[in-house]
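Each chain is listed here by its residues.
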Amino acid sequence: MRAVLVLYFKYFLRWDDDFATTIYHTFVALCYLTPILGAIVADSWLGKFKTIVYLSIVYTLGQVVLAVSAIHDITDANRDGTPDNMTVHVALSMVGLMLIALGTGGIKPCVAAFGGDQFQDHQEKQRSTFFSIFYLSINAGSLLSTIITPILRAQECGIYTQQKCYSLAFGVPAALMVVALIVFIVGSGMYIKTPPQGNIMVKVCTCIGFAIKNRFRHRAAEFPTRTHWMDWSEEKYDKLLIAQVKMVLKVLFLYIPLPMFWALFDQQGSRWTLQATTMDGNFGFLIIQPDQMQTVNPILILVLVPIVESAIYPLISKCKINFTPLRKMTVGMLFAALAFIAAALVQIKIDETLPKFPSSTEGQVKFINTNNRSVNVTAGTNAFTLGNFMANEEYLTFDQPFVLNVELANLGEVTLANGKRTTMVIIPDVPMPIRFIDITEKPEQGANAIRFFNGFGSVLNVAVGSLNLTGIVANNMSDYVALQQGSAQFRIQSSAEECNYTQDLGFGSSYTLIIPPTFAFGPNCEQSIRPVVDIRPNTIHMAWQIPQYFLITVGEVVFSVTGLEFSYSQAPSNMKSVLQAGWLLTVAVGNIVVLIVAEAATLPDQWAEYILFASLLLLVCVIFAFMAHFYTYMDPVKIEAQFAHKDPEEKEKRRSVEHCKEDRRSSDSSANKEETRQTRI
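Owing to the predicted nature of the structure, the values given are computational and were not obtained by experimental measurement.

K.L.:
Report on the pairing of strand β16 (residues 486-494), specifying residues and quantitative values.
P.N.:
Bridge count for strand β12 (residues 460-464) against β16 is four bridges, and the pairing is antiparallel. Opposite V464, over in β16, you have F490 as the bridge partner. Pairing of β16 with strand β17 (residues 497-505) involves nine bridges; the strand directions are antiparallel. Bridge pairing in β17 places R491 opposite N500.

K.L.:
Hey, could you go over the state of the cysteines for me, with residue numbers and the actual values?
P.N.:
Using the criterion set out here, one finds two disulfides in the structure. With its sulfur 1.9 Å from that of its partner, C157 forms a disulfide with C165. Its S-S torsion of approximately 100° makes the covalent link between C157 and C165 right-handed. At a sulfur-sulfur separation of 1.9 Å, the disulfide partner of C499 is C525. On the S-S bond that ties C499 to C525, the torsion sits near 100°, and the link is right-handed. In this pair, C499 is assigned in strand β17 and C525 in the loop between β18 (510-515) and β19 (530-535), connecting sequence segments 26 residues apart. The exposure class assigned to C499 is buried, which follows from its relative accessible area of 1%. We classify C525 as buried; its relative accessible area is 4%. Take the cysteines of the protein that form disulfides and number them in order along the sequence; they join up as 1-2, 3-4.

K.L.:
Which residues make up the nonpolar core, and what values go with them?
P.N.:
Formed by 111 residues in total, the largest nonpolar core has its most connected members in L5, Y8, F9, F27 and F170. In terms of residues, this core owes the most to one element, helix α12 (residues 325-353), which gives twelve residues. In this structure, L460, L483, A488 and I515 belong to the second largest nonpolar core, which totals 23 residues.

K.L.:
Now, about the sheet that holds β16: what can you tell me, with residues and values included?
P.N.:
The sheet built from four strands is open, its strands ordered β13-β12-β16-β17 with antiparallel pairing. Each edge of the open sheet is held by one strand with a lone partner, namely β13 (467-472) and β17. Neighbouring strand axes in the sheet, compared pairwise and without regard to direction, differ in orientation by 20° on average.

K.L.:
Residue-level account of the packing of aromatic side chains, with values.
P.N.:
The way to describe two aromatic rings as a pair is by their centre distance and the angle between their planes. Applying the stated criterion across every chain, the model contains 38 aromatic pairs. A ring pair is formed by F452 and F490, whose centres lie 5.2 Å apart and whose planes are at 75°; its orientation type is edge-to-face. Separated by 38 residues along the polypeptide, F452 in strand β11 (residues 448-454) and F490 in strand β16 bring together distant segments of the chain. Under the relative-accessibility criterion, F490 is labelled buried at 1%. Joined through ring pairs, the aromatic side chains of Y8, F9, F12, W15, F19, Y166 and F170 make up one cluster. Sitting over the face of the ring of W232, R226 holds its NZ or CZ atom 4.1 Å from the ring centroid. One cation-aromatic arrangement involves R421 over Y395; the distance from NZ or CZ to the ring centre is 4.0 Å.

K.L.:
Residue-level account of the pattern of salt bridges, with values.
P.N.:
Using the criterion set out here, one finds 15 salt bridges in the structure. Where R2 meets D266, a salt bridge forms, and the shortest distance between an N and an O atom there is 3.6 Å. Residue R2 is located in helix α1 (residues 2-12), and its partner D266 is located in the loop between α9 (259-265) and α10 (271-276); the two are separated by 264 residues in the primary sequence. Judged by its relative accessible area of 29%, R2 is partly exposed. E407 serves as the salt-bridge partner of R373, at 3.3 Å between the closest nitrogen and oxygen. Pair noted here: R373 is in the loop between β3 (363-369) and β4 (375-379) and E407 is in the loop between β7 (402-406) and β8 (409-414), with a separation of 34 residues, a long-range link.

So, how was this worked out
Residues numbered from 1 in each chain as written. Predicted model: local features only at pLDDT ≥ 70, side-chain atom pairs only at ≥ 80, totals over all residues. Heavy atoms only, no water. Pairing = 2+ DSSP bridges. Helix = DSSP H or I, 4+ residues; strand = E, 2+ residues; numbered from the N terminus. Disulfide = S-S within 2.5 Å. Buried < 20%, exposed > 50% of the residue type's maximum accessible area, 1.4 Å probe, protein only. Core = buried A, V, L, I, M, F, W, Y, C linked by side-chain atoms within 4.5 Å. Axes fitted to C-alpha atoms, helices over the stretch in contact; angles between N-to-C directions. Phe/Tyr/Trp six-rings, centres within 6.5 Å; stacked < 30°, edge-to-face > 60°. Lys NZ or Arg CZ within 6 Å of the ring centre and 35° of its normal. Salt bridge = Lys/Arg side-chain N within 4 Å of Asp/Glu carboxyl O.

If you want it as structure tokens, here you go:
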């Protein structure tokens, strides 16, 4: 669903790039904050099975609500294809996304753990096989969804008008989630269901809280210092738990710089997808949608993981290089920073091809000559000659009125509308050119904006596919029609006559097709139609995004897989879920970092924002490398074994202290009672 989410925000809800990016990353952050809640509910109350079932229902309901929010017809009273009450769609979308965030986040810590619960201690090989299949299924699902969901989105559907089918793109995952939930519930009788035994995360938090509170109470100078601040919890908690919490905190301290990696990584679904909308997706044998470029990531993961594990790491080991897990994670950060530098270079090349639209204090103008001869034009200080049925290549920009001369005839001062593009058509025997307002942005979703100027002597109708431009009177311009990439077949009609015209279209262009006064229906009628390019098609190919996807995926393989392995190896036996929650929390914080940087930076150019993120990650990478240099690796099993051996003695001592306290309280109580009796006497 995330594959098309940012495009849904931009093109259906009509949000700008920055706001769409903000809401996208807010949603992702929520998806990685709610696992903490899911873990607590599963371990303390419902158990993993019921938590998965109940929150999957919430998950599915959210997906259904989101699919309903994307049906444009529910508020399209005038049936023009545009929702009349966007507030309803926004409200439904936000409710759906919040339910999805609660559902997906809630089941994240439960699903893999519940699968692991199905195996006994002697079935380690089978458990390992299960996790391999589980990881493979996740990546296979990611690959399939990022291919299929954009295809579903690209379909056109609707009751009254045909629009991009976001409701289908959201509805199919909802239906599949229902099927998956039913299959999961049907197998209920075959599962081993471990009852909830209390959440270790709660114990860790209460232990840390007590240590902080106790240290604050004993902050005066007369109290002796202790080796570690967690030792202030010894009055209430046993030393084994305290030692385990110390190990967890040591790893969590290393997690502090990690969110910056995820801040860059998760922009594949936002900024990089928006970047792809300004590129050429024609690969010859297939057309790639902007949101389908994300498929490069899961494809590369499936290819790179075995190569890195079975070839790269062994080769590094043979070279006698001590490539520790923390060094691997540092290298992963470097690759992610390089990916954003590559994205910035691509963006610079894209910006060179994008049209320069007028600012709020400027106007732009283009001239079209529909005379069957050349015409000399002077606009301000710009003098040029227009061939018959031709236009000047570039728009002229003016920030104040200019004097217009056509064929040495002074037509006086011309004032352009600020922030607008204008086409002035020079018509035979008409002294003043006729003005038409042009579009001032790239057509959406890589489509092409096409319009016709009718210089013919009678009314014309133009049809393309199921679209019709009817009643185009002489010396007038039609409305724009949005067409996808490919060969567009136009049928130009007047009463009983018809002319077929073909125009090859790329991505993101705009054309004015001139039907000149010399046009005549007949065998070669299409040769007299002249296309004028108002906005050039996208020329930078989407394949140029592959290097940045390759670099970010290498970074993910080296950073993410290693980070999970490192966390698992350094975690106490009963606190691996705590570090798993901490790891997921770094993803959430990383998405919050995107919100903060994107809102605070307000950089005018997108490439500069990419460089900013790369620079921040490089800085964080240096800090992390410094922290990793002083980190000493632990063996949690040995540490736990030491305290497990001492634990009975500690418990006996604590029991003796408690007995002494109880005896003292009993003695004090007896003395108080005797004193009270004497007082009464």
